[in-house]
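Listed below, chain by chain, are the residues.
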Amino acid sequence: MNAAFARRSPAAVALALATIYLVWGSTYLAIRVTDRTMPPLLMSSVRFLIAGVALYAFAARGRSRPTWREWRAAAIVGAALLLIGNGGVAWAETRLESGLAALIVAIIPLWVALMDRVVFGRRLSMPAMAGLVVGFAGVALLVRPGGGGDVVAMLALVGTTAAWAGGSLYARGAPLPKSPLLGASMQMLAASLFLGIAGLATGEASDVHTSSFQTKPVLAFVYLVLIGSLVAFSAYAWLLQNVRISVVATYAFVNPVVAVALGTVFLNESIGWTTIVAGATIVAAVVLTVTARTPAQKPVPGEASARLEAAA
């Protein structure tokens, strides 16, 4: 791994980081635009179907077919990350501004650290523990009644971020394919099926009309498929092989800043002082948690894969 780090191109690293910073931060804006006319769960289902098929066709070349055990693991991870996690974001953004949603989703690293400590017994440094306390205090400030947003939707997002974190930790030791790209494509395909069923079960089919396919929502949807799910994910996969995870993980506290800025400029979303204070608190807490040095402990197999799954 050190040799791989030594061979990396600084320009390529900078381009890849800029891609995940800007693209993943902008997907909240794109989802908010599609939500104006497209039902969120069915939109997400089609998004991951297209991206999953394309990625599977690329990643499966020259490889043996995935086993039933690998498909089952991919379905579990896909349900946690993409059905509950990403689908929850798409649903919540029908009721919340994109910047506010991004600030809440930024707590995923906090959930990962907390679950890693409680479930797997991983020791946390004092800065990381302080980050957890500060971060969840910031969340409480955001989601309290009268905090400036739909409380039900905000609480739902807190739950979806926990599912995303849990799915990432499960993926760390799950029997997924050795190729992260192949595993991610399988998760997308499984999640597409789950999201489609959920969308039909909740009656979203009746919300699909000719007017659903207006120019701006369609362009936003194409952006989510091609740029959000394929280009940015490929850049992230490359970064995991060439840059230390502490550098790659910085996307977690850059994305919400980008999302808030884009929502303000393009959607005229308002930012109150409560949101600013709570958002700054959450971002600072994530910085503390992500950059904190952890006490020496045995490495857990597949940790890099878990980080990769969280970006699908």
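About the cut-offs
Residues numbered from 1 in each chain as written. Predicted model: local features only at pLDDT ≥ 70, side-chain atom pairs only at ≥ 80, totals over all residues. Heavy atoms only, no water. Helix = DSSP H or I, 4+ residues; strand = E, 2+ residues; numbered from the N terminus. Buried < 20%, exposed > 50% of the residue type's maximum accessible area, 1.4 Å probe, protein only. Contact = heavy atoms within 4.5 Å. Areas by Shrake-Rupley, 256 points an atom, 1.4 Å probe, with all protein chains shown as cover. pLDDT = per-residue confidence, 0-100. Core = buried A, V, L, I, M, F, W, Y, C linked by side-chain atoms within 4.5 Å. Salt bridge = Lys/Arg side-chain N within 4 Å of Asp/Glu carboxyl O. Axes fitted to C-alpha atoms, helices over the stretch in contact; angles between N-to-C directions. Parallel < 35°, antiparallel > 145°, perpendicular 65-115°, else oblique. Left-handed = near helix turned anticlockwise from the far one by under 90°. Nonpolar A, V, L, I, M, F, W, Y, C, P; charged D, E, K, R; others polar. Phe/Tyr/Trp six-rings, centres within 6.5 Å; stacked < 30°, edge-to-face > 60°.

S.K.: Mind showing me how you'd approach the overall build of the protein chain here?
M.R.: A tally of helices and strands in the protein chain yields 14 helices and zero strands. Going from the N terminus to the C terminus, the protein chain shows its helices and strands as α-α-α-α-α-α-α-α-α-α-α-α-α-α. The buried share of the protein chain, reckoned over its 312 residues, is 53%. Sequence separation of 24 or more characterises 92% of the internal contacts of the protein chain that already satisfy a separation of 6 or more. If you sum the accessible surface of the protein chain, you get close to 14300 Å²; carbon and sulfur atoms cover 67% of it.

S.K.: When you look at unusual backbone geometry in this model, what are you seeing that I'm missing?
M.R.: Trans peptide bonds make up the majority, and among non-glycine residues the majority have a negative phi. Positive phi outside glycine occurs at asparagine 268, with the angle close to 55 degrees. When its relative accessible area of 67% is taken as the criterion, asparagine 268 is described as exposed.

S.K.: Explanation requested: the confidence of the model for the protein chain in the structure shown.
M.R.: Atom-level detail of predicted coordinates should not be read off regions where pLDDT is low. Taken over all residues, the pLDDT of the protein chain has a mean of 86, while the share at 70 or more is 89%. Taken element by element, the protein chain is modelled with least confidence in helix H14 (residues 303-309), mean pLDDT 44, and with most confidence in helix H3 (residues 40-59), mean pLDDT 96. Scored below 50 in pLDDT, residues 1-6 makes seven contacts in the model with residues more than four places away or belonging to other chains. Segment residues 300-312: pLDDT under 50, and 38 contacts once partners within four positions in sequence are set aside and those in other chains are kept.

S.K.: How should I be thinking about the nonpolar core in this particular structure?
M.R.: The biggest cluster of nonpolar side chains holds 79 residues, and the ones touching the most others in it are Leu142 and Leu157. Judged by nonpolar contacts, the second largest core, of 13 residues, contains Val23, Leu239, Val243 and Tyr251.

S.K.: In this structure, what is going on with the pattern of salt bridges? I would like to understand it.
M.R.: Pairing between side chains becomes possible if they bear opposite charge and their charged atoms approach one another. Tallied over the full model, the rule gives one salt bridge. When the shortest N-O distance is used, the salt bridge between aspartate 116 and arginine 122 registers 3.7 Å. By relative accessible area, which is 9% here, aspartate 116 ends up buried. Residue arginine 122 is classed as buried on the basis of its relative accessible area of 14%.

S.K.: Looking at this structure, I do not really get the packing of H3 against helix H9 (residues 180-201). What am I missing?
M.R.: A pair of packed helices can be characterised by two numbers: the angle between their axes and the separation between those axes. The geometry of H3 relative to H9 is characterised by a closest axis approach of 7 Å and an angle of 155 degrees between their N-to-C directions. Between H3 and H9, the angle is such that the two are roughly antiparallel. Viewed along their axes, H3 and H9 form a crossing whose handedness is left-handed. Across the contact of H3 with H9, the residue classes break down as 19 nonpolar, seven polar and no charged.

S.K.: Is there a simple way to explain the side chain of threonine 289 in this structure?
M.R.: Within the fold, threonine 289 resides in helix H13 (residues 273-291). Using a relative accessible area of 12% as the deciding quantity, one classes threonine 289 as buried. In this structure threonine 289 touches Pro109, Leu110, Ala113, Ala128, Gly131 and Leu132, once residues within four positions along its chain are discounted.

S.K.: Hey, could you run me through the packing of aromatic side chains in this one?
M.R.: Two measures describe an aromatic ring pair: the distance that separates the ring centres and the angle between the ring planes. Applying the stated rule across the entire model yields five aromatic pairs. Ring centres of tryptophan 111 and phenylalanine 136 lie 5.1 Å apart, and the angle between their planes is 70 degrees; on these two criteria the pair is classed as edge-to-face. Here phenylalanine 136 lies in helix H7 (residues 126-143) and tryptophan 111 lies in helix H6 (residues 108-120), a separation of 25 residues in the sequence. Here tryptophan 111 falls in the buried class, since its relative accessible area comes to 18%. Seen from their ring centres, tyrosine 236 and tyrosine 251 are 5.6 Å apart, and the 80 degrees between their planes marks the pair as edge-to-face. With a gap of 15 residues between them, tyrosine 236 in helix H10 (residues 215-242) and tyrosine 251 in helix H12 (residues 251-267) connect regions that are remote in the sequence. The structure contains a cluster of three or more aromatic residues connected by ring pairs, namely Trp24, Tyr236 and Tyr251.

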